[in-house]
Amino acid sequence: MKNAIIKIISKYNKDRTRLMDILIDIQTEIGFIPDYAVTQIAEDLHMSEVDVEQTVSFYHFFSLIPTGKYKIYLNNSAVSNMMGRAEVAATFEKELGIKFGQLTPDGQIGLFETSCIGMNDQEPAAIINNLIFTKLTPFRVKEIVRDIKEEKPVVEMFSASFGDGKNASELIRSVVSNNIRKIGPILDPNYKPGEAIKQIVKMTPTQVIEEIKKSNIRGRGGAGFPTGLKWEFCRNASGKQKYIFCNADEGEPGTFKDRVILTEFPRLPFEGMVIAGYAVGATEGILYLRYEYKYLEQYLEDILENARKKNYLGKDIGGKKGFNFEIRIQFGAGAYVCGEESALIESAEGKRGEPRDRPPFPVEKGYLDMPTVVNNVETLCSVVKVILHGGEWYKSFGTTESTGTKLLSISGDCRFPGVYEVEWGFSINDMLDMVGALKSETQAVQVGGPSGALIAPNEFNRILGYEDLATGGSLIIFGRSRELLNDVVLNFTDFFIEESCGSCSTCRIVPSVLKNKLKKILNARGVMQDIDDMVEWGKILKASRCGLGQTAANPVLSSIKNFRHLYEEKVQKNKVFDSGFDLSMAVKEGSEATSRIPNF
Amino acid sequence: MNKIVKFSIDGVECLATRGQFVVDAAKENGIYIPTLCNYPGVKPKGGCRICTVKINGKLMTACTSPVSEGMQIENNANEINEIRKAIVELLFVEGNHFCPACEKSGNCELQALAYRFHVMAPRFPFSFPIRKVDASHPKIIKEQNRCVLCKRCIRAIKDYKGRSIFAYSKRGNRVEVGVDSKLGKELTDELAQKAMDICPVGSILVKEKGFYQPIGTRKYDKNPIGSDIENLVVSKP
Ligand SMILES: Cc1cc2nc3c(=O)[nH]c(=O)nc-3n(C[C@H](O)[C@H](O)[C@H](O)COP(=O)(O)O)c2cc1C
Ligand code: SF4
Ligand code: FES
């Protein structure tokens, strides 16, 4: 075993910045990161053990203790719950005889929770040994557990046929569905890979940037920064090497469009990276892919290999002397915050995914301290279309401020969850019609995932766009029967608590404080003051370093703003103060141990 | 190239060297911006967020932001001081801080900030976490109840090979600062003392030594934190 570890470390040239890859390989080989591996890594990489462990313990999918031969990670997103997760979870626990977070006594099977895995349109879903299982039912769970106990290989456990499109291809063979429901220029099936590369080699890098600027395209990852400008900053920054990152961390609960692009049109973002590389003068690109999408690895590697053969990657691309560009895939290991661009860079350097202080921005000082462009998958796809058809053409879609189209990941209470490509400027009302959700039955729509806003019916005429509801494209529909505070706000707040990197005092502490208040209200112990406190205390989060902390109060704040009555219904009207302290609960354990019933 | 830049803090015109961090630039102008995780000579990592100021209208941390020409900084404003005070309170409720029994009382920056911000009782409920006291290392005690996770020790204390003796573990509200079990054994007296001194609270304590300096005569017992900066006679460059 020790030899295997030494081999893995050598494979990455004992390079400290490749610690993520080293850990992923060890975790895959051994099932966890044993003590002797930590010791070996520390020795070879010239760091202390505690330093190795700080990276290991940051990521959800790494473990310092055994987690079983079969590792089951059941998604705990709000939509998973809405689609029947509770029964599925209970069946897993019953059939395996263990609780979440535990291993079976023989050490063979581990059962864990995990944040949204990008399958919101086919929940409840789980990852078992890197393979995805969707639309789970108690019956399916029993079958799976039976197969596991018979020690069947996980690939043989699929009962349904493979998913649509490329999901069924030889190198994926997954039951995941694409659910592409509406196509536009990005999802155009007639896309011919390489055409845009032929186009740019006839242009100067500056002309490429000018064309992108002309299109007015803004980043699709959520922050909406103008792409052309970002590239220009990077081009003008000095550095002996520059890097292009494609951000495929896709961790915002409710988004899954990047997964669909990478399954159906993987050449598109890769081509976009090559274009970006040409424009800014970078020769290396990295696709930072969330670990949840590990099942796409072979397929994507194969696509890259083919691109090399076709000279869309490698040396003298498109026959242009000196136009070199390579792409490698960097996996994450389970951390939403790694989608934040500077955390993503830290992670790709083998460290904890803690966002950096800015300035300096990645375009000046990013990966390995060199100028770096980080772009979302979809942004890089749009770029290809801009090159093919021109910035003017691109501007003919969308609104003046928000040009082009947007891929929406739509899930929740509707007939047709899936991926829709629409022009910016689309209203929530139109969206509901499109996905088969009755307005009379719709209580709320979460726009932009947990970090976005919970919108009430009186605002359904608002439009999607940077000028109104800016969004990375996660839309979740909640029907009348949903308990918004419990099913949505509490779940989202838990998500932020779980996913904070923990380095800002504000982001580390305030969400838990808000959660306790919310639970107090849900337990009928709240008073009016509690609602006002939450509004006040939520503001403190604005002093956090990154977008995660800055938006972590949004579930609470936007629900109080738009659904205040739900809170007011639950608080005690006859009291101005309630400590929320429950004496009988506090002494419960002691009372049980001593078999005494306290008489309060 | 003109290296001196002009900027303002709360409307007061200031001068500093371009690229200096705002906290340091303010200090040179006799203006105190409260800090906790920041430590002179150690690479900043805006963690505690107490030095939050508004730079050109945006909330930023003064310990990590370099000054530039024409910057308008708001420091002593109600909104900002409210955030700072809240953060001090948050740090109190996050851990278990019993000042009267703490070896660092009077030298503790968290305590001193609480005095400065007139924290009587935190507005947030205490979380009374269960944390351990790690006394397994020969030279130091790591008192997790008091750790404010500022990362000073992580950033500043390295062994002779440059390896970290302290590091974070886990994430979110479960983070902890751990001590390397091997390097912890090799810690020199000098480095142990440095670690204790650099810790703003009483979370790193040198063993077999205590209360050398009597309470009542310690750093912040007589003068509030920041007063040294505010009483500085500023010589304009
Ligand atoms: C907590 C957090 C998570 C993020 N996750 C993602 C993500 O999964 N994918 C993404 O493209 N951008 C994500 N972003 C935004 C990135 O920081 C960055 O703005 C984006 O990748 C830039 O690409 P774009 O300009 O093409 O949108 C996230 C931001 C934050 C604060
Ligand atoms: S806001 Fe939260 S996630 Fe972002 S850097 Fe701060 S602690 Fe980390
Ligand atoms: S002193 Fe600046 S963030 Fe802590």
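Here's a quick rundown of the structure. (Residues numbered from 1 in each chain as written. Chains lettered and ligands numbered in written order. Predicted model: local features only at pLDDT ≥ 70, side-chain atom pairs only at ≥ 80, totals over all residues. Heavy atoms only, no water.)

### As for the sheet that holds strand E2 (residues 12-17) of chain B
Residue and element names in this part refer to chain B. Strands sit in the order E2-E1-E5-E3-E4 across an open sheet of 5 strands; the sheet is mixed. The two strands at the open ends of the sheet, each matched to only one other strand, are E2 and strand E4 (58-61). For this sheet, the mean inter-axis angle between neighbouring strands, taken without regard to orientation, is 40°. Bridge analysis of strand E3 (residues 52-55) against E4 gives 4 bridges, and the strand direction is antiparallel. Residue pairing for E4: Thr52 is matched across the bridge by Thr61. Its contacts with the sheet put helix H2 (residues 78-94) on E3, E4 and strand E5 (72-74), and the angle it makes with E3 is roughly 155°. (Pairing = 2+ DSSP bridges. Helix = DSSP H or I, 4+ residues; strand = E, 2+ residues; numbered from the N terminus. Axes fitted to C-alpha atoms, helices over the stretch in contact; angles between N-to-C directions. Contact = heavy atoms within 4.5 Å.)

### Comments concerning the state of the cysteines
Per the counting criterion, the structure on display carries 0 disulfides over all chains. Not part of a disulfide, Cys234(A) finds its nearest cysteine sulfur in Cys246(A), a span of 15 Å. Look at Cys234(A) and you get buried, because its relative accessible area is 0%. Its sulfur unpaired, Cys153(B) is 6.2 Å from the next cysteine sulfur, which belongs to Cys150(B). Take Cys153(B): its relative accessible area is 8%, and that puts it in the buried class. (Disulfide = S-S within 2.5 Å. Buried < 20%, exposed > 50% of the residue type's maximum accessible area, 1.4 Å probe, protein only.)

### Side note on unusual backbone geometry
All names here are of chain A. Omega for the peptide link from Glu123 to Pro124 comes to -10°, which places this bond in the cis form. Relative to the assigned elements, Pro124 resides in the loop between strand E3 (109-114) and strand E4 (126-128). In the segment running from Arg358 into Pro359, the intervening peptide bond is cis, with an omega of -5°. With respect to the helices and strands, the residue Pro359 is situated in the loop between helix H14 (341-348) and strand E10 (372-376).

### Regarding the environment of Phe128(B)
All names here are of chain B. Structurally, the position occupied by Phe128 is in the loop between helix H3 (109-116) and strand E6 (133-134). When the C-alpha positions of Phe128 and Phe92 are compared, they lie 9.9 Å apart, and in sequence the two are 36 residues distant. Phe128 has contacts with Val93 and Asn96, leaving out every residue within four places of it along the chain.

### Focus on the nonpolar core
In terms of nonpolar packing, the biggest core is built from 229 residues, with Phe92(A), Val208(A), Trp231(A), Tyr567(A) and Phe166(B) touching the most fellow members. Among the elements that line this core, the one with the most residues is helix H12 (residues 267-280) of chain A, at 9 residues. What Trp231(A) contacts, discounting residues up to four positions off in sequence, is Val208(A), Ile209(A), Ile212(A), Ile275(A), Ala276(A), Ala279(A), Val280(A), Val373(A), Asn375(A), Leu380(A) and Val383(A). Counting 21 residues, the second largest nonpolar core, distinct from the first, contains Cys414(A), Val422(A), Leu432(A) and Ile455(A). (Core = buried A, V, L, I, M, F, W, Y, C linked by side-chain atoms within 4.5 Å.)

### A word on the pattern of salt bridges
Residue and element names in this part refer to chain A. Under the criterion given, the structure shown has 67 salt bridges over all chains. Between Asp25 and Lys11 there is a salt bridge, with its nearest N and O atoms 3.1 Å apart. Highlighted residues: Asp25 in helix H2 (residues 19-30) and Lys11 in helix H1 (residues 2-11), separated in sequence by 14 residues. Here Lys198 ties to Glu195 by a salt bridge, and the two come within 3.5 Å at their closest N and O atoms. Taken together, the residues span about one helical turn, with Lys198 and Glu195 both in helix H8 (residues 195-200) at a distance of 3 residues. Each of the salt bridges in this network shares a partner with another, and the network as a whole consists of Arg220, Lys257, Asp258, Glu378 and Lys406. (Salt bridge = Lys/Arg side-chain N within 4 Å of Asp/Glu carboxyl O.)

### A look at the packing of aromatic side chains
Residue and element names in this part refer to chain A. For the structure shown, the criterion picks out 18 aromatic pairs over all chains. Here Phe245 and Tyr367 contribute two aromatic rings whose centre-to-centre distance is 5.2 Å and whose plane-to-plane angle is 70°, an arrangement assigned as edge-to-face. Here Phe245, found in strand E7 (residues 243-248), pairs with Tyr367, found in the loop between H14 and E10; they are 122 residues apart in sequence, far enough to count as distant. Tyr367 shares its class with Phe245; the two are buried. Here the aromatic cluster, defined as three or more aromatic residues joined through ring pairs, consists of Phe61, Tyr73, Phe112 and Tyr291. Note that Lys294 overlies the ring of Phe331, its terminal NZ or CZ placed 4.4 Å from the centroid. (Phe/Tyr/Trp six-rings, centres within 6.5 Å; stacked < 30°, edge-to-face > 60°. Lys NZ or Arg CZ within 6 Å of the ring centre and 35° of its normal.)

### Concerning the interface of chain B and chain A
Where the parts come together, the accessible area they lose is often given as the size of the interface. Taken residue by residue, the interface counts 41 residues in chain B and 41 residues in chain A. Here chain B meets chain A over a buried area of about 3100 Å², counting both sides, of which 54% is carbon and sulfur. For chain B, the biggest contributors to the area lost against chain A are Arg49(B), Tyr168(B) and Arg171(B); these three give 22% of the whole. For the pair chain B and chain A, the number of links is 22 residue pairs in polar contact (both at pLDDT 80 or more). Contributions of two or more residues to the side of chain B that touches chain A are made by E4, H2, strand E8 (166-169), strand E9 (176-179) and helix H5 (181-185) of chain B. Looking at the side of chain B that touches chain A, the element that brings in the most residues is H2(B), giving 6 residues. Counted by class, the side of chain B that touches chain A contains 21 nonpolar, 9 polar and 11 charged residues. (Buried area = accessible area lost by both parts, 1.4 Å probe. Polar contact = N/O pair within 3.5 Å; in protein donor to acceptor, adjacent residues only side chain to side chain. Nonpolar A, V, L, I, M, F, W, Y, C, P; charged D, E, K, R; others polar.)

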